[in-house]
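Here are the chains, one letter per residue:
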Amino acid sequence: MIDEEEAYALLNSRDRRFDGRIFVAVVTTGVYCRPSCPAVMPKRENVRFYPSAVAAQQAGFRACKRCRPDAAPGSPEWNVRADLAGRAMRLIADGLVDREGVSGLAARLGYSERQLHRLLVAEVGAGPQALARAQRAQTARLLLERTDLPVSDVAFAAGFGGIRQFNHVVRQAYGTTPTALRTARAAGGGAPVPGAIDLRLAYRSPLDLAEVFGLLAERAVAGVEEAGDGFFRRSLGLPRGTGVVTLRDGGDGLHVRCELRLEDLRDLSAAVTRCRRLLDLDTDPWEVADVLGADPLLAPLVAAAPGRRVPGHTDAAELAVRAVIERRAGVAAARDLAARLVRRVGHPLPTPVGAVTHVFPGPDALAAAGPVPPDRLGGVVARLAERLAAGAIVLDPGADREETERLLRAVPGIDPWTAAHIRARGLGDPDVLPPADPCVRRALDLLGAPGTGADEAARRWRPWRSYAVQHLWAAASAAQKPAM
């Protein structure tokens, strides 16, 4: 529920933190905006508030052309929530409705279509079909603005069943025609990148992107990932094909530059969602800091690095396999073992980009390949791959986090720490404390608190324990570095 009086009061602040959390519609203009929109402050009686862009569109409002509310950072609420609504929103963002329909979404979550529709309307003001339709409209806008595809091809690449439906939805969402959207792009001088889609991914500042890139580079697997000066590149295994993404700092403290090369353009929405998860772009760092900064132990760490994030992954199954290898072999050896695995059973890209040549092997390929050498891995990768391939364990944005961790721990060779790590990074759970973590204990000792008191301290860190762990790991790592 939105407290409309409080929401109206915050409009004066133009606070970007609320972009993507609430949407402001003005009845006299028929337009809805972000709270940070620099337009003239509307009168209270002319303002309506909505929990999602789709709800505003359903009420007859079109997106503001100045602040682009449909391109705001996603609400961090859906990362935190582990309930049905949170799981459904994550799956819709990943494109499940476009691939399997509302019936497929309902089946994946174990509810009827009617129950699911009723719940989402109550939570975000729109049902799953409307949410997916709005996402298609945003995908279409990106393709119109960033490619030279014919408009008819854009319609089908965005997931629309026909041109008439495409025109109607775009007009409803943006108050203009697809052709006019492309003309506006041309007038603005934004030329598409040949063979690629060049996007800007919004986030709530601050964000220590250099640290995130550094953490990803530390574990980069040859052939699948490439890290360089100011960029990170990796391959993507997507629902309809493969892709390669190159991520760079957008230079304005508000965006990450994202260059996508896709085998099938219908994967655009899923690719963008997975890149956002990789960099943890939907988090509100100030909301995290409000909780962790109130703890005397963590306050100095949070103050020193308010933009610290928890890197996610573009493919939870890949993350799980790599986490198992790293736990048993160590970081350096795990990179080499994973690279050998990629060369052996990885899927070659149709067009390599830089040093990225393959997609990491999926569960089916790994299960067929059998045990992964060396012997110290004990066949655990093969056992995990078999269960993933059979659907006994599902690692996707809609997974029940508690149940999935239990199933992972039931795989012989996967210890509680590894299962927790997969839950935090693979499933994007912001509230995970890996058990018996030596770096956490070491950091707490350095901060003047006994490591055995981690459980007591961790109660103060909810629901952001994954971020607390990231701060503690950084503190332990800094303490190990020799003084200059």
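Residues numbered from 1 in each chain as written. Predicted model: local features only at pLDDT ≥ 70, side-chain atom pairs only at ≥ 80, totals over all residues. Heavy atoms only, no water.

**Examining the sheet that holds strand β5 (residues 197-202)**
- The strand order across the open sheet built from 5 strands is β5-β9-β8-β7-β6, with neighbouring strands paired in antiparallel fashion. The outermost strands of the open sheet, each flanked by one partner alone, are β5 and β6 (225-228). Strand-to-strand, the axes of this sheet are offset by a mean angle of 20°, without reference to chain direction.
- When β5 meets strand β9 (residues 255-262), the two strands line up antiparallel, connected through 6 bridges. The partner of L199 across the bridge, within β9, is C258.
- Lying on the sheet, helix α11 (residues 209-218) is in contact with β6, β7 (231-237), β8 (242-249) and β9; it crosses β8 at an angle near 140°. (Pairing = 2+ DSSP bridges. Helix = DSSP H or I, 4+ residues; strand = E, 2+ residues; numbered from the N terminus. Axes fitted to C-alpha atoms, helices over the stretch in contact; angles between N-to-C directions. Contact = heavy atoms within 4.5 Å.)

**Describing the pattern of salt bridges**
- Inspection of the entire model under this criterion finds 38 salt bridges.
- Across the pair D415 and R327 runs a salt bridge whose closest N-O atoms are separated by 2.9 Å. Taken together, the residues D415 in the loop between α19 (401-409) and α20 (416-426) and R327 in helix α15 (residues 316-329) connect sequence positions 88 residues apart.
- Accessibility expressed as a relative area gives 41% for R327, which makes it partly exposed.
- With a closest N to O distance of 2.9 Å, R465 and D431 form a salt bridge. Residue R465 is located in helix α23 (residues 465-480), and its partner D431 is located in the loop between α20 and α21 (438-446); the two are separated by 34 residues in the primary sequence.
- R465 gets classed as buried once you look at its relative accessible area, which sits at 15%. (Salt bridge = Lys/Arg side-chain N within 4 Å of Asp/Glu carboxyl O. Buried < 20%, exposed > 50% of the residue type's maximum accessible area, 1.4 Å probe, protein only.)

**A few points about helix α5 (residues 96-109)**
- With 14 residues, α5 extends only 11 Å from end C-alpha to end C-alpha; this falls clearly short of the ideal 20 Å at 1.5 Å per step.
- The axis of α5 is deflected most strongly, by about 85°, at V102.
- Of the positions making up α5, those classed as buried are L96, V97, V102, G104, L105, A106 and L109.
- Those residues of α5 that are buried lie in contact with α4 (84-93), α6 (113-124) and α7 (128-146).
- Note on α5: the residue one or two positions beyond its end, G110, has a positive phi of about 80°. (Expected span 1.5 Å × (residues − 1). Bend = angle between axes of the 7 residues up to and from the residue.)

**Details of the nonpolar core**
- Counting 50 residues, the largest nonpolar core has L247, V256, L260, L268 and L279 as its most contacted members.
- Looking at this core, the element that brings in the most residues is helix α12 (residues 268-279), giving 6 residues.
- Among the nonpolar cores identified, the runner-up in size contains 35 residues, and V321, A339, I393 and A419 belong to it. (Core = buried A, V, L, I, M, F, W, Y, C linked by side-chain atoms within 4.5 Å.)

**Observations regarding helix α16 (residues 331-345)**
- In this model α16 runs 21 Å from its N-terminal to its C-terminal C-alpha over 15 residues, within 8% of the 21 Å that 1.5 Å per residue would give.
- Regarding α16, the residues found buried are A334, L337, A338, A339, L341 and V342.
- Buried positions along α16 lie against α15, β11 (356-359) and α17 (363-369).

**Topic: the packing of α4 against α5**
- Close contact between α4 and α5 brings their axes to 10 Å; oriented N to C, the two are set at 160°. In terms of their interaxial angle, α4 and α5 are classed as roughly antiparallel. By crossing handedness, the relation of α4 to α5 is classed as right-handed. Facing L84, R87, A88, L91 and I92 of α4, the residues of α5 in contact are L96, V97, L105, R108 and L109.
- Residues belonging to the contact of α4 with α5 are distributed by class as follows: 8 nonpolar, no polar and 2 charged. (Parallel < 35°, antiparallel > 145°, perpendicular 65-115°, else oblique. Left-handed = near helix turned anticlockwise from the far one by under 90°. Nonpolar A, V, L, I, M, F, W, Y, C, P; charged D, E, K, R; others polar.)

**Topic: the sheet that holds strand β3 (residues 47-50)**
- Strands sit in the order β3-β1-β2-β4 across an open sheet of 4 strands; the sheet is mixed. With partners counted over all chains shown, the strands left at the sheet margins are β3 and β4 (62-63), one partner each.
- Summarising the sheet, strand β2 (residues 31-33) and β4 pair through 2 bridges and their orientation is parallel. Considered in β4, the bridge of V31 is made with R62.
- Lying over the sheet, helix α1 (residues 4-11) contacts β1 (23-26) and β3, oriented at roughly 105° with respect to β3.

Note that every value here comes from positions in space, so none of it alone points to a role or purpose.
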